[in-house]
Amino acid sequence: MQNAPENGKIVQFPVRLAEAEVFAHEDLARIFAAWRQQLVTGRMPQLHEFAPRMLGRWMAYSGVVEAAAGELAFPGVEPPLRWRLAGSALCKLANRELDGTEALEDWYRFERATLRRLLAQLMEQQHPFLAQIRLDGMPGEARLEVLALPLLDPARKQTVALMIFRPFFAAGRVVPGSLEQARLVSLRVLTAGAEKRVPDGKETEAAQVLPLFSGETA
């Protein structure tokens, strides 16, 4: 796993993940470790507790996706999903305000359909996923690592998806409108089911990594 630039510690315990090598950035691995650590307590991490505490400077590169109220998904049809909230950097990358709009609506067809299916699965089955995307609209090899986590919104009694877009490039180097020119480079489902406690107090590593496809790591 590559070392990310120092940006302050997100959590204070070391990353001990069987799948840690699939993360390019240590800060995303730590966020995933903290999410999974809360599952050990027997409850899904809650949106308004987990996200503000864990994201730090990556809040601007994060967004919350939810199922559109009153709309149903049908076999072979992309699920109806909306951005509930989107950070300022994501909006700048999209060159428009994303809050309340259809999630990924202007993306390329394959990327849109694939990620929407995974987001719908995440909300239904609580399976996080990890992806790398390349922004064809930015100069050079502009990539982002994307971690999607299920979180509980107790007020609305629904599971939502927190998407964190961690850039490989300098955080301030944003080209407006480039987000819709994203191409998937790699994609993995992290089936992090609830870990089991054993009598000596240690936790078993129950997570599996299911690679849907994988390209070269930046």
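Structure's up top.
What you see is a predicted model; the values in this text were computed from it and never measured.

Conventions we followed
Residues numbered from 1 in each chain as written. Predicted model: local features only at pLDDT ≥ 70, side-chain atom pairs only at ≥ 80, totals over all residues. Heavy atoms only, no water. Helix = DSSP H or I, 4+ residues; strand = E, 2+ residues; numbered from the N terminus. Contact = heavy atoms within 4.5 Å. Phe/Tyr/Trp six-rings, centres within 6.5 Å; stacked < 30°, edge-to-face > 60°. Buried < 20%, exposed > 50% of the residue type's maximum accessible area, 1.4 Å probe, protein only. Axes fitted to C-alpha atoms, helices over the stretch in contact; angles between N-to-C directions. Parallel < 35°, antiparallel > 145°, perpendicular 65-115°, else oblique. Left-handed = near helix turned anticlockwise from the far one by under 90°. Nonpolar A, V, L, I, M, F, W, Y, C, P; charged D, E, K, R; others polar. Core = buried A, V, L, I, M, F, W, Y, C linked by side-chain atoms within 4.5 Å. Arc of directions from axis to C-beta. Salt bridge = Lys/Arg side-chain N within 4 Å of Asp/Glu carboxyl O.

Caption draft 1: Layout of the environment of K92. Within the secondary structure, K92 is located in helix α3 (residues 88–94). With 31 residues separating them along the chain, K92 and Y61 place their C-alpha atoms 9.7 Å apart. Those residues in contact with K92 that sit more than four places away from it in its chain are V174, V175, P176 and G177.

Caption draft 2: Here's a closer look at the packing of aromatic side chains. Evaluated as defined, the whole model comprises 3 aromatic pairs. Ring centres of F23 and F32 lie 5.7 Å apart, and the angle between their planes is 35°; on these two criteria the pair is classed as tilted. With a centroid separation of 5.8 Å and 20° between ring planes, the pair formed by F32 and W35 is classed as stacked. Of this pair, F32 and W35 are both found in helix α1 (residues 26–39), 3 residues apart, which corresponds to roughly one turn of the helix. Just as F32 is buried, W35 falls in that class too. Through a chain of ring-to-ring contacts, three or more aromatic side chains come together here, namely F23, F32 and W35.

Caption draft 3: How the structure looks around the packing of α1 against helix α2 (residues 47–55). Contact geometry for α1 and α2: axes closest at 11 Å, N-to-C directions at 150°. With respect to their mutual orientation, α1 and α2 come out roughly antiparallel. Handedness of the α1/α2 crossing: right-handed. For the pair α1 and α2, the contacting residues are R30, I31, A34, W35 and Q38 in the first and F50, R53, M54 and L55 in the second. Partitioned by chemical class, the residues of the contact of α1 with α2 number 6 nonpolar, 1 polar and 2 charged.

Caption draft 4: Representation of the nonpolar core within the structure. If you look at the biggest cluster of nonpolar residues, it comprises 63 residues, and the most contacted ones within it are W83, L135, L147 and F165. Looking at this core, the element that brings in the most residues is α1, giving 7 residues.

Caption draft 5: How the structure looks around α2. Listing the buried residues of α2 in full gives L47, F50, A51, M54 and L55. Down the axis of α2, the buried set is contained in an arc of 90°. They therefore lie on one face. Facing away from the buried side of α2 by more than 90 degrees, the exposed set consists of H48 and R53. Against the buried residues of α2 lie α1, β1 (62–67), β2 (81–86), β4 (143–153) and β5 (158–167). Two residues or fewer after α2 comes G56, characterised by a positive phi angle close to 55°.

Caption draft 6: Here's a closer look at the pattern of salt bridges. Summed over the entire model, instances satisfying the criterion amount to 14 salt bridges. E66 is the salt-bridge partner of R84, the closest N and O atoms lying 2.8 Å from each other. Here R84, found in strand β2, pairs with E66, found in strand β1; they are 18 residues apart in sequence, far enough to count as distant. The exposure class of E66 is buried, given its relative accessible area of 13%. The residue R96 makes a salt bridge to E105 at a minimum N-O spacing of 3.1 Å. Classification of R96 as partly exposed rests on a relative accessible area of 27%. Judged by relative accessible area, which is 30%, E105 ranks as partly exposed. Overlapping salt bridges, with partners in common, bring together E66, R84, D153 and R156 in one network.

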